[in-house]
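Now for the letters of each chain:
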Amino acid sequence: MDIVQGGLSVYGVNTRQLATGGSIPRLLLYGVAGGLVGFLFLGEFGLRTFVPLLILLGLLAVWSLLAALRGNASSSPWATFLFAAMIVPLMIDSRIVGLPRCGDVAAGVACFAGSRDYQTPFLLEVVVLTIAAAAIAVQARRIAID
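Let me sum up the structure you'll find in this document. (Residues numbered from 1 in each chain as written. Predicted model: local features only at pLDDT ≥ 70, side-chain atom pairs only at ≥ 80, totals over all residues. Heavy atoms only, no water.)

On to the overall build of the protein chain. A count of helical and extended segments in the protein chain gives five helices and three strands. Sequence-ordered secondary structure for the protein chain, helices as α and strands as β, is β-β-β-α-α-α-α-α. For the protein chain, contacts bridging at least 24 residues in sequence account for 62% of all contacts bridging at least 6. Of the roughly 8800 Å² that the protein chain leaves accessible, carbon and sulfur atoms contribute 69%. (Helix = DSSP H or I, 4+ residues; strand = E, 2+ residues; numbered from the N terminus. Contact = heavy atoms within 4.5 Å. Areas by Shrake-Rupley, 256 points an atom, 1.4 Å probe, with all protein chains shown as cover.)

Side chains that are three or four residues apart share a direction in an α-helix, a result of its 3.6 residues per turn. End to end, helix α3 (residues 51-70) covers 29 Å across 20 residues, agreeing with the expected 28 Å (1.5 Å per residue, within 8%). What α3 keeps buried is the set Leu 54, Leu 57, Gly 58, Ala 61, Ser 64, Ala 67 and Ala 68. Positioned one or two residues after α3, Gly 71 has a phi angle of 85 degrees, which is positive. (Expected span 1.5 Å × (residues − 1). Buried < 20%, exposed > 50% of the residue type's maximum accessible area, 1.4 Å probe, protein only.)

Now for the packing of aromatic side chains. Tallied over the full model, the rule gives three aromatic pairs. Ring geometry for Tyr 30 and Trp 78: centres 5.3 Å apart, planes at 85 degrees, overall edge-to-face. Here the residue Tyr 30 occupies a position in helix α2 (residues 23-44), and Trp 78 occupies one in helix α4 (residues 78-94), the gap between them amounting to 48 residues. For Tyr 30, a relative accessible area of 16% corresponds to the buried category. Counting every residue linked through ring pairs, the aromatic cluster contains Tyr 30, Trp 78 and Phe 81. (Phe/Tyr/Trp six-rings, centres within 6.5 Å; stacked < 30°, edge-to-face > 60°.)

Assignment of secondary structure puts Asp 93 in helix α4. For Asp 93, a relative accessible area of 3% translates into the label buried. For Asp 93, the contacting residues outside a window of four places in its chain are Arg 48, Phe 122 and Glu 125.

Purely geometric numbers; function is a separate question.
Written out as structure tokens, the structure reads:
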């Protein structure tokens with residue numbers, strides 16, 4: 001055993017590399033779980049329209065960004081979860097967010113006939129995705145530096 005630039009080398013394998021390599025399967029697990037939550041709960045069950053839930057997800061995204069900035073590796077993978085969870089709702093909502101209300105256009109023009117607010121959830125989804133992407137970028141930068 002000998003010490004090599006900030007890590008412990010055992011039989012020629014740097015333990016710092018093992019520690020960083022172990023975070024990749026964890027990030028993949030968070031990503032797959034986030035994708036499933038995004039598809040099932042936010043997409044299929046329509047929970048993406050529940051604004052308080054999106055606000056909580058936004059707070060989780062801010063918390064994960066702060067954790068990534070502080071270098072807290074145990075809390076920052078939630079950004080991967082949130083990023084994956086927001087993909088399906090954004091794909092669903094992006095089809096209708098640009099449509100005008102049916103009362104505002106002439107007959108025969110594609111429009112949104114519902115009465116619910118569809119722009120606020122879309123905006124919150126974009127905010128959560130952007131903050132999660134920033135946290136992932138900070139985390140990737142920290143892994144690359146270490």
